[in-house]
Amino acid sequence: MAERRFLLFSGHNDRAVVALCRFFEQVALPFVIVAAGKADAIHRTKWASQVAFNRLDAVVTVEWLRLLTGSLGGELVYCPTTEFINHFVLTHREALAGCGLHIGLPDRAIYEALTGKHSSQALMTGLCADLQLPATQPDGQWHAPCVLKPRENVRAGRVLYPVLCPEVTDLQHALSVLDRSSYFAQDFIKGQSHYLCAYLARNGEFASFWQVNLMQQGGGKSIVLAQPCANPGLDEASLFRGLHERGYHGAFMLEVIAAQGRLHYIEVNPRFWGPLQLALDVCPDILSLFAREQGFDTPAIVAQRPENACYAWAYGAQQPGVVVHPAGLALDARARERRLLAHDVYARDDTRALQACY
């Protein structure tokens, strides 16, 4: 029987790729990496030898994927770390059939309903009565503070992201560069951000944990400091049951913001997320369940004690405009800096060359 290996695309969501490499190595599962060129940071890690192909550009076509899988040989299990390639393989699933690529994603309809910033709102509030939506501002009457959210995540071959507009000048600038018809506006919710990080199997089994976000890049971008926490009040049973009944299976990260005694729904990302290292540390069953769903046996992994665990991305925290969330303000600046350096996702022997500089 031909070898079965996991397929990772690096150069996108690199911190999740690194966490997956650590997991596969820890449980002795075979994997191969397609790098985003010879300058890809993965070449400066322990897993440089796992790179089987260096891409010349970011273009993805059915023909290219067929040639890639054919040249690599065996059966390749796609790891969902990038929204763009997720969207592509789901759109072209039938055309890719028989090329040796195993796509463990759910049906396109439920994936797009969940990942869409607009479509997911009715879905998520229908599953969880304890979630409240930020107020949507009428078209033509947008005002700061607000968040502009894309109606579709991928349009005309580009991934669109939310744009935070806390000030009038932010909104004016956004409107000068964006296609207004591609977005809708909601009130800006100021409060404490939490993530539910999970994997839901086809049979309804799930593994999950909560993290509280301490620091985040400006503009609502990547989390740079977080730690495990208790459930802030979401009816998880209803959520997992409802998603299973609607045919969703796979990894996802749900963001909610606690403000004024309510949980406000922000978004769901149905793929592996940037701070995935924290899942490997405190809830490795998330990754083990993913591997078992793809037909691999995995040994048990001992989780860290949550009170000692922390996720950090030191280089990300060096960028201008970093936001300190309320839970982060409970720590003084020196304590935050110590955590960023001590827990940097790259501060390990397998990625030492990237520590605090990538």
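None of these values were measured; they are calculated from a predicted model.

### Side note on the environment of R246
Inspection of the secondary structure assignment puts R246 in the loop between α8 (236-245) and β16 (250-259). In this structure R246 comes out as partly exposed when scored by relative accessible area, which is 42%. Setting aside residues up to four positions removed in sequence, R246 forms contacts with I110, L123 and L127.

### Some thoughts on the pairing of β16
Buried residues dominate β16, accounting for nine of its 10 residues. Pairing between β16 and strand β17 (residues 262-269): seven bridges, direction antiparallel. Bridge pairing links E255 to E267 in β17. Hairpin connection of β16 to β17: two residues between the antiparallel strands, including Q260 at a positive phi of 55 degrees.

### Observations concerning the packing of aromatic side chains
Taken as a whole, this structure holds 15 aromatic pairs when the rule is applied. With a centroid separation of 5.9 Å and 65 degrees between ring planes, the pair formed by Y346 and Y358 is classed as edge-to-face. Of this pair, Y346 sits in the segment after α13 (333-342) while Y358 sits in the segment after α13, and the two are 12 residues apart along the sequence. What links up through ring pairs into an aromatic cluster is the set F6, F23, F24, F31, Y199, F272, W273, F290 and F296. Lying across the ring of W313, R15 places its NZ or CZ 3.9 Å from the centre.

### Description of the pattern of salt bridges
In this structure the tally under the stated criterion is 14 salt bridges. Between R108 and E112 there is a salt bridge, with the nearest N and O atoms lying 2.9 Å from each other. Within this pair, R108 and its partner E112 are both found in helix α5 (residues 108-115), separated by four residues, close to a single helical turn. Overall, R108 belongs to the partly exposed group, its relative accessible area being 36%. Residue class for E112 comes out partly exposed when judged on its relative accessible area of 29%.

Criteria and thresholds
- Residues numbered from 1 in each chain as written.
- Predicted model: local features only at pLDDT ≥ 70, side-chain atom pairs only at ≥ 80, totals over all residues.
- Heavy atoms only, no water.
- Helix = DSSP H or I, 4+ residues; strand = E, 2+ residues; numbered from the N terminus.
- Buried < 20%, exposed > 50% of the residue type's maximum accessible area, 1.4 Å probe, protein only.
- Contact = heavy atoms within 4.5 Å.
- Pairing = 2+ DSSP bridges.
- Phe/Tyr/Trp six-rings, centres within 6.5 Å; stacked < 30°, edge-to-face > 60°.
- Lys NZ or Arg CZ within 6 Å of the ring centre and 35° of its normal.
- Salt bridge = Lys/Arg side-chain N within 4 Å of Asp/Glu carboxyl O.

As far as function goes, none of this settles anything; it's purely spatial.
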